[in-house]
Amino acid sequence: MTVQSIEAVVDNEVVQPRLQALACEISERGALRSRQWRRVFTTVRRHVFLPRYLYDEEPGSIPARWRVVEGTNPDDHHEWFTSVYSDTTLIVDLKGQSIPPERGGGSHPIVTSSSTMPSLMMRMLEDLDIHDGHRVLEIGTGTGYNAALLSERLGDTHVTSVDIDPELVAIAGRRLAAHGYRPHLVAADGVAGVSDHAPYDRIIATCSVDRIPYAWITQTRPGGRIMVNLRGPLMRSALALLTVHSNGTASGPFLSTGAIFMPLRHDPSAPYDYTVRITRPDTEPTSGLTSLDPNNLHHNAAWGFFAQTYLADAAFRLVTAEDDEMSLGTEIATPNHSWALIWHKPRDGCYPTSQAGSRRLVNLLERAYHQWSALHQPRWDTFGLTVTPTDQWVYYHQPDNTYLRWDLPLPAPVGVP
Ligand SMILES: C[S@@+](CC[C@H](N)C(=O)[O-])C[C@H]1O[C@@H](n2cnc3c(N)ncnc32)[C@H](O)[C@@H]1O
């Protein structure tokens, strides 16, 4: 579809009141705070970047039932327009993940791009404290909507945006250009940043990472800031707002805003692989009991965040019992072949466990829980992140707190699965 065709079906008289209403709605929630960003938000028309989106008609069903909602389709038009001018994340791209033959074969569509909910986008832009004259790099161009917001705020010559998917970049480029914005767009793996336009005053990543790519630090000028969604092995993520220091390090707090961005991926034609691979131990596991309710790992966001920080090199996955007697279990494993399983159904108030290997993972998790309780069960925004050329760690309260810090695991060496 061309940009003209979507423009032809939208009455601009209706767009302004909708944009103003949405601006008030998200201002009320504290996401839109400044005069500058309010002007930008009510100037850039979101529908231009979202002529269609994908809607999951049965969330949670496998396979998902995706329906295309098309602005130019008279049957969809009202639903489309209402959604585009609502505070909603809208999915725009799916890619197939291969299913192994032993599990039926074929492929399963996974979300690979979306337009982030406007209140989250605006909150991140406000929190980044962007000023006139700043140069900004965005990781994750997607629809181009956020690049348009940045271009409207700073002028397009100050904006660079990179996406792993060349097709998305081409489409976003056409839509941006049709509306007079020509930011520097790049189709590449954003993990390397975009060096030819560095240094930046601000970097905003709209996909999540399990470790901050160090190129982002070197490409940000000292005093500059990076907004990034850090994700742990329990898939809990939080927004970190880092300040880059002149000694090549960066640090800053996690924000109270809840945010889950799709993971950064390295293959433009494939989705992020969410499969958690865990090898069961060769040795006979020992059985035990714990009072720690494993359900809370998945349902208590603050505890889940701390647990994944404490056991950052672990893999976690939910499993079901073959005989279904004890139904769900949480399986945990670490690279040194330590392994544990905690069943979710208690027996007389205790949860059955099995563990094997040199690191007693259930005991470590219990220790993590005691430490988190001793700290008065803090939420993620009590913590911060420090990044150096070699190490990255989560700290408690202050970056110079060397006593309470939890290291993020180093990336696996290239070529080692
Ligand atoms: C939430 S969407 C971005 C939304 C976008 N900012 C907008 O305004 O529409 C996340 C994007 O990150 C992109 N992405 C994933 N891995 C990436 C990588 N390694 N480098 C750059 N972009 C990546 C995806 O293709 C996807 O378009």
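The shown structure was predicted, so the numbers you read here are calculated from the model rather than taken from an experiment.

## Some details on the overall build of the protein
Move 1: Within the protein, the regular secondary structure consists of eleven helices and 19 strands.
Move 2: The C-alpha radius of gyration of the protein comes to 23 Å, within 12% of the 22 Å expected for a compact globule of 417 residues.
Move 3: The dimensions of the protein, computed from C-alpha atoms along their principal axes, are 70 × 50 × 45 Å.
Move 4: Taken across its 417 residues, the protein has 50% of its residues classed as buried.

## Considerations on the packing of aromatic side chains
Move 1: Enumeration over the complete set of coordinates arrives at 14 aromatic pairs.
Move 2: Between the aromatic rings of phenylalanine 254 and phenylalanine 305, the centroid separation amounts to 5.2 Å while the plane-to-plane angle is 75 degrees, which identifies the pairing as edge-to-face. Taken together, the residues phenylalanine 254 in strand S11 (residues 250–258) and phenylalanine 305 in helix H10 (residues 301–310) connect sequence positions 51 residues apart.
Move 3: Taken together, Phe254, Phe305, Phe306, Tyr310, Phe383, Tyr396 and Trp406 form an aromatic cluster joined through their ring pairs.
Move 4: For arginine 153, the ring lying beneath its charged end belongs to tryptophan 37, and the centroid distance is 5.9 Å.

## Here we look at the sheet that holds S11
Move 1: The strand order across the open sheet built from ten strands is S7-S6-S5-S8-S9-S10-S11-S17-S18-S19, with neighbouring strands paired in mixed fashion. The open sheet terminates on both sides in strands that have one partner only, identified here as strand S7 (184–187) and strand S19 (405–407). The average angle at which neighbouring strand axes cross in this sheet is 20 degrees, direction not considered.
Move 2: As paired elements, strand S10 (residues 237–244) and S11 share four bridges and run antiparallel to each other. Note on S11: the bridge partner recorded for valine 244 is alanine 250.

## Observations concerning the sheet that holds strand S12 (residues 286–290)
Move 1: Spatially, S12-S16-S15-S14-S13 is the arrangement adopted by the five strands of the open sheet, whose pairing is antiparallel. Both edges of this open sheet fall to S12 and strand S13 (315–320), since each of them pairs with a single strand only. Put simply, the sheet's adjacent strands are angled 25 degrees from each other on average, direction ignored.
Move 2: Those strands touched by helix H11 (residues 361–374) are S12, strand S14 (328–333), strand S15 (339–343) and strand S16 (351–356), and its axis lies near 65 degrees from that of S15.

## Description of unusual backbone geometry
Move 1: Put simply, alanine 198 and proline 199 share a cis peptide bond, and its omega is 5 degrees.
Move 2: Positive phi values are uncommon outside glycine, yet histidine 337 reaches one of about 70 degrees.
Move 3: Within the secondary structure, histidine 337 is located in the loop between S14 and S15.
Move 4: Despite not being glycine, histidine 376 shows a phi value in the positive range, around 70 degrees.
Move 5: Classification of histidine 376 as exposed rests on a relative accessible area of 71%.

## Topic: the site of the ligand
Move 1: As a matter of local geometry, the ligand sits amid 25 residues, with Ser113, Thr143, Asp163, Asp189 and Gly190 nearest to it.
Move 2: One of the backbone nitrogen or oxygen atoms of glycine 190 is found 2.8 Å away from a nitrogen atom of the ligand.
Move 3: Residue arginine 265 places a main-chain N or O atom 2.8 Å away from a nitrogen atom belonging to the ligand.
Move 4: Expressed as a share of its isolated accessible area of 600 Å², the protein-covered part of the ligand is 99%.
Move 5: Those elements that place two or more of their residues in the shell around the ligand are strand S4 (107–115), strand S5 (136–139), helix H6 (145–154) and strand S6 (159–163).
Move 6: A per-element tally of the shell around the ligand places S4 first, with four residues.

Conventions adopted
- Residues numbered from 1 in each chain as written.
- Predicted model: local features only at pLDDT ≥ 70, side-chain atom pairs only at ≥ 80, totals over all residues.
- Heavy atoms only, no water.
- Helix = DSSP H or I, 4+ residues; strand = E, 2+ residues; numbered from the N terminus.
- Rg over C-alpha atoms; globule rule 2.2 N^0.38 Å.
- Buried < 20%, exposed > 50% of the residue type's maximum accessible area, 1.4 Å probe, protein only.
- Phe/Tyr/Trp six-rings, centres within 6.5 Å; stacked < 30°, edge-to-face > 60°.
- Lys NZ or Arg CZ within 6 Å of the ring centre and 35° of its normal.
- Pairing = 2+ DSSP bridges.
- Axes fitted to C-alpha atoms, helices over the stretch in contact; angles between N-to-C directions.
- Contact = heavy atoms within 4.5 Å.
- Near = heavy atom within 4 Å.
- Polar contact = N/O pair within 3.5 Å; in protein donor to acceptor, adjacent residues only side chain to side chain.
- Areas by Shrake-Rupley, 256 points an atom, 1.4 Å probe, with all protein chains shown as cover.

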